[in-house]
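Survey of secondary and tertiary structure
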Amino acid sequence: MQWLEKLLEVEMDVRITGLSKELNVLYLLSLFRKKKDNILVVTNSLYECNQLFSLLSTYTDEVLLFPMDDFLSSVALAVSPDLKIKRLETLQKVSLGKHIVVTNLMGYLKYLPSLESKETQTFTLCVGDTFSRDELVERLEKFGYTRDSLVTATGNYAVRGFILDVFLTFLDHPIRIEFFGNSIESIRYFDENTQLSLQNITEITFSPYEEFISEKHSSLLAYMQTPLVVFYDYQQIVAANHKLEQDILEYKLANEIDKNEEYMYSFSSLSVSHALYIDTLENTEKSEIPCKKYRSQELENFHSDFQLLKEKVGLWLQQKKTIVFCLSKERQVLEIRELFPEAILCKNEVLAEQQVNIVLKKINKGFVFSSLVVLSEYDIEEVHEENTAQLEAA
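Now for a quick tour of the structure. Note that residues are indexed from 1 along each chain, following the sequence as it is written. It should be noted that, the model being predicted, local features are given only for residues of pLDDT at least 70 and side-chain atom pairs only at 80 or more, the latter also being counted only at that level, while totals for whole chains, interfaces and linings use all residues. No hydrogens and no water enter the side-chain calculation; it runs on all heavy atoms of the structure.

Looking now at the overall build of the chain. The number of helices and strands found in the chain is 12 helices and 23 strands. Dimensions of the chain along its principal axes, counting C-alpha atoms only, are 80 × 55 × 35 Å. Categorising residues by exposure relies on relative accessible area from a 1.4 Å probe, with only protein chains included: less than 20% of the type maximum marks a residue as buried, more than 50% marks it as exposed, and the intermediate range marks it as partly exposed. A burial count over the chain gives 48% of its 394 residues as buried. Residues count as neighbours in contact if any of their non-hydrogen atoms are within 4.5 Å of one another. Long-range contacts, defined here as pairs at least 24 residues apart, represent 71% of the contacts in the chain between residues at least 6 apart. Here the chain contributes 40 positively and 60 negatively charged side chains, and the mean placements of these two sets differ by 5 Å. The numbering of helices and of strands both runs from the N terminus, where a helix is a DSSP run of H or I of at least 4 residues and a strand a run of E of at least 2. Under the convention used here, Asp and Glu are negative, Lys and Arg are positive, and both His and the chain ends fall outside the count. Note that the charge is assigned to NZ on lysines, CZ on arginines, CG on aspartates and CD on glutamates.

Spelled out as structure tokens, the structure:
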């Protein structure tokens, strides 16, 4: 949305305040488009991490999630297998191109397998390659895969004669590899429920199923090749880190563990060259970081009260505001055009100032910012996506 980016002065090494949640997301997206580096966004909790990831996902597929369990769950209980797979998937994808990665404090501090370790290095096999079945079994074991009689779940592999089945970390279906001696004769997907073949392929890439931690380790910052770091509500992150340190100390005392035992990086040990600080809450802490203050507000939901919507839009137009309806539902476009016959359907990123505009684009939440009033389809009514037709964005 170029018409909005003109109002957002994107820069690093500053503290941003006063933007709505949606505008914070759009600020991050603008930063991502204008910078050549990866961007790592750090939140204080797993809940906020998931929420921010969801908001960003509305606009781009280049956002990844790196979620980590809380300390007591990961150390005293068990690591969530779903979160582990998501982290492994993110580490794999972030090596392939530029991304935004959203993580929580625990993910930011997490020890990751050393980038120099062989256990972190993927490898690819093709039909016709010389590679023995036993050598592949050995590699799968080192990668953390578990042998079973039948492959039905991610992380399992099975061997029957010169056939090896394995359900790799990032695939929707397992693969079946047939060997002829030490040569790979065929590779194909199969259905884990029926065990029937689905599709032949010519190559497959293998990646770890476990997060191997040895004496040497690397940080998420290292995997992302020194990204731009965005601290989302920095003071809350600092407070969460203080509580984390207390939890670790109490755990060590309760279990008679050496006080020098380390479970993760300390917050202060991770060096960040350039950072952006986004505050969603009022921050009264004094800081040497330059502060950029914006003024914006979120919109209340109209709950299908179109008379109230018409009156409100009329009032905004009297105040010389530019109205923008961001819609992806054909039905809603027709309703708004019927309610505001003068509305202009924009297809070239150029808005008609101080008029009603319709932009064929989905956003999460509307807002008032500067001379703009932007409304989402969710501000007008409760939208049920399964019952409405999608419009392609211009």
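Inspection of the secondary structure assignment puts serine 132 in the loop between β6 (123-126) and α7 (133-142). Between N or O atoms, a polar contact is any pair within 3.5 Å; within protein, one atom must be a potential hydrogen donor and the other a potential acceptor, and residues adjacent in sequence are included only when both atoms are from side chains. Within the local environment of serine 132, its side chain forms a polar contact with the backbone nitrogen of glutamate 135, the two atoms lying 3.0 Å apart. Sequence-distant contacts of serine 132, that is, excluding residues within four places in its chain, are made with Phe179 and Asn182.

Another point: unusual backbone geometry. Of note, the phi angle at threonine 226 is positive, near 55 degrees, even though the residue is not glycine. Mapped onto the fold, threonine 226 is located in the loop between α8 (220-223) and β15 (228-232). In this structure, histidine 303 takes a positive phi of about 50 degrees despite not being glycine. Note that histidine 303 resides in the loop between β18 (296-298) and α10 (306-318). Assessed through its relative accessible area of 54%, histidine 303 is described here as exposed.

Another point: the sheet that holds strand β17 (residues 291-293). Whether two strands pair depends on DSSP finding at least two bridges between them. The strand order β3-β4-β2-β15-β16-β1-β17 describes an open sheet built from seven strands, whose pairing is parallel. Across the chains shown, the open sheet's two edge strands, defined by having one partner strand only, are β3 (63-66) and β17. The average undirected angle you get between the axes of adjacent strands in this sheet is 20 degrees. As paired elements, β15 and strand β16 (residues 275-279) share four bridges and run parallel to each other. In the strand pairing of β16, valine 230 is matched with leucine 276. Each axis is a line fitted through C-alpha atoms, taken for helices only over the stretch in contact, and angles between the N-to-C directions span 0 to 180 degrees. Sitting on the sheet, helix α3 (residues 46-57) touches β2 (39-43), β3, β4 (100-104) and β15, and the angle it makes with β4 is about 160 degrees. This element, helix α5 (residues 81-94), spans β3 and β4 of the sheet and lies at about 140 degrees to β3.

Across the interface, helix α2 (residues 21-34) lies against α3 with an axial gap of 10 Å and an inter-helix angle of 65 degrees. Classified by the angle between their axes, α2 and α3 sit roughly perpendicular to one another. Once α2 is placed against α3, the crossing between them reads as right-handed. Contacts between α2 and α3 pair Lys21, Glu22, Val25, Leu28 and Leu29 from the former with Gln51, Leu52, Leu55 and Leu56 from the latter. Our angle categories are set so that under 35 degrees counts as roughly parallel, over 145 as roughly antiparallel, 65 to 115 as roughly perpendicular, and the remainder as oblique. Here is the rule for handedness: rotate from the far helix to the near one, and if that takes an anticlockwise turn smaller than a right angle the crossing is left-handed, while a clockwise turn gives right-handed.

Our next topic: α5. If you check α5, its first and last C-alpha atoms are 20 Å apart, about what 14 residues at 1.5 Å a residue would give, namely 20 Å. Of all the positions in α5, only Leu83, Lys84, Ile85, Arg87, Leu88, Glu89, Thr90, Leu91 and Val94 are classed as buried. The span one expects for a helix is its residue count, reduced by one, times 1.5 Å.

The subject of this paragraph is the packing of α10 against helix α11 (residues 330-339). Packing of α10 against α11 brings their axes to within 11 Å, and their N-to-C directions diverge by 60 degrees. The orientation of α10 with respect to α11, classified from their angle, is oblique. Read as a crossing pair, α10 and α11 show a hand that is right-handed. Counting all contacts with α10, which are made through Phe306, Leu309 and Lys310, the residues of α11 involved are Glu335, Ile336 and Leu339. Polarity classes work like this: nonpolar for Ala, Val, Leu, Ile, Met, Phe, Trp, Tyr, Cys and Pro, charged for Asp, Glu, Lys and Arg, and polar for all others, with Gly in that last group. Looking at the contact of α10 with α11, its residues break down into four nonpolar, no polar and two charged.

What follows covers the environment of isoleucine 177. Along the polypeptide, isoleucine 177 turns up in strand β10 (residues 175-180). For isoleucine 177, a relative accessible area of 0% corresponds to the buried category. Leaving out residues up to four positions away in the same chain, isoleucine 177 has contacts with Leu136, Phe162, Ile163, Leu164, Ile184, Ser186, Ile187 and Phe206.

Let us look at the pattern of salt bridges. Salt bridge, as used here: a side-chain nitrogen of Lys or Arg that lies within 4 Å of a carboxyl oxygen of Asp or Glu. Under the defined criterion, the tally for this structure stands at 16 salt bridges. Between aspartate 247 and lysine 243 there is a salt bridge; the shortest N-O distance is 3.1 Å. Taken together, the residues span about one helical turn, with aspartate 247 and lysine 243 both in helix α9 (residues 234-254) at a distance of four residues. The shortest N-O distance in the salt bridge between lysine 329 and glutamate 377 comes to 3.8 Å. Pair noted here: lysine 329 is in the loop between β19 (322-326) and α11 and glutamate 377 is in helix α12 (residues 377-380), with a separation of 48 residues, a long-range link. Take lysine 329 and glutamate 377: they sit in the same class, and that class is buried.

Attention shifts here to the sheet that holds strand β12 (residues 197-201). Read across the open sheet, the six strands follow the order β7-β8-β9-β10-β11-β12; overall the sheet is mixed. Two strands lie at the open edges of the sheet, namely β7 (146-147) and β12, each paired on one side alone. Pairing geometry for strand β8 (residues 156-160) and strand β9 (residues 163-166), over four bridges, is antiparallel. Residue pairing across strands places alanine 158 opposite aspartate 165, the latter belonging to β9.

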